[in-house]
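Structural characterization, general
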Amino acid sequence: MTFTPEVVAQIARHMNDDHADDNVLIVRGLGGIGTASAARMSGLDPDGMDFEATVDGIAVPVRIPFSERLTERRQVRGEAVRMYQQACAALGVTPTH
């Protein structure tokens, strides 16, 4: 399965507009970019989510793999929640949702 550009744009808009702080936690906790000051989701495919992290004013690409290959759009939400929760655990942060 591939996600259409429209679907990727919708998911990215949601992640970037509604979960900007979560994006930062994900790239810090799972992407190994502990000094990221910002992060925006830049894409995704069935195997993972792509982010652009800001580190010292420089854009750094970060890829976070999904726990399994996705076959349906509805699976993306569960993977985003898993990433957020794992990132919080890795960083010793209490999840807020």
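Residues numbered from 1 in each chain as written. Predicted model: local features only at pLDDT ≥ 70, side-chain atom pairs only at ≥ 80, totals over all residues. Heavy atoms only, no water.

1. A closer look at the nonpolar core
Note the threshold: Think of a nonpolar core as a cluster: buried Ala, Val, Leu, Ile, Met, Phe, Trp, Tyr and Cys residues, connected wherever their side-chain atoms sit within 4.5 Å. Using a 1.4 Å probe on the protein chains alone, a residue whose accessible area is under 20% of its type maximum counts as buried, one over 50% counts as exposed, and one in between counts as partly exposed. Secondary structure elements follow DSSP: runs of H or I of four or more residues count as helices, runs of E of two or more count as strands, with numbering from the N terminus. In this description, contact between two residues means that some pair of their heavy atoms is separated by no more than 4.5 Å.
Counting 29 residues, the largest nonpolar core has Met41, Leu44, Met49 and Phe51 as the members making the most contacts within it. The element best represented in this core is helix α3 (residues 75-91), accounting for six residues. Once residues within four sequence positions are removed from consideration, methionine 41 is found in contact with Val8, Ile11, Ala12, Met15, Asn16, Asn23, Met49, Asp50 and Phe51.

2. With respect to the UniProt feature "domain: DUF2470" (unreviewed entry) in the protein chain
Formally: UniProt positions are given in the numbering used here, feature names are shortened, and annotations may be inferred rather than shown by experiment.
UniProt records the feature "domain: DUF2470" (unreviewed entry) for residues 9-83 in the present numbering. With 39% helix and 32% strand, residues 9-83 has end C-alpha atoms that lie 19 Å from one another.

3. Quick word on the environment of proline 95
In this structure, proline 95 sits in the segment after α3. Taking the C-alpha atoms as reference points, proline 95 and alanine 9, separated by 86 residues in sequence, lie 26 Å from one another. For proline 95, the residues in contact, after removing those within four places along its chain, are Tyr84 and Cys88.

4. Describing α3
For the record, the criterion: Expected span, for any helix, means 1.5 Å times one less than how many residues it has.
Compared with the 24 Å implied by 1.5 Å per residue over 17 residues, the 24 Å span of α3 between its first and last C-alpha is a close match. Here α3 has its buried residues at Gln75, Val76, Glu79, Ala80, Arg82, Met83, Tyr84, Ala87 and Cys88. Contacts from the buried residues of α3 go to α1 (5-18), α2 (20-29), β1 (38-45), β2 (48-55) and β3 (58-65).

5. Overview of the pairing of β1
Basically, it comes down to this: When DSSP finds two or more bridges between two strands, those strands count as paired.
Pairing of β1 with β2, which is carried by seven bridges, proceeds in the antiparallel orientation. The residue bridging arginine 40 from the neighbouring strand is glutamate 52, located in β2. Count of turn residues in the β1/β2 antiparallel hairpin: two residues.

6. Examining α2
When we look at burial in α2, the residues that qualify are Asp22, Asn23, Val24, Leu25, Ile26 and Val27. Of the surrounding secondary structure, the elements contacted by the buried residues of α2 are α1, β1, β2, β3 and α3.

7. Re the pattern of salt bridges
For clarity, the threshold we go by: Just to be clear on terms, a salt bridge is a Lys or Arg side-chain nitrogen sitting within 4 Å of an Asp or Glu carboxyl oxygen.
Tallied over the entire structure, the rule returns five salt bridges. The closest approach of N and O atoms between aspartate 45 and arginine 63, which form a salt bridge, is 2.7 Å. Taken as a pair, aspartate 45 in strand β1 and arginine 63 in strand β3 lie far apart in primary sequence, 18 residues in all. Close ionic contact of arginine 63 with aspartate 50 constitutes a salt bridge, the shortest N to O distance being 3.1 Å. Of the two residues, arginine 63 sits in strand β3 while aspartate 50 sits in strand β2, which places them 13 residues apart along the sequence. The structure contains a network of salt bridges with shared partners spanning Asp45, Asp50 and Arg63.

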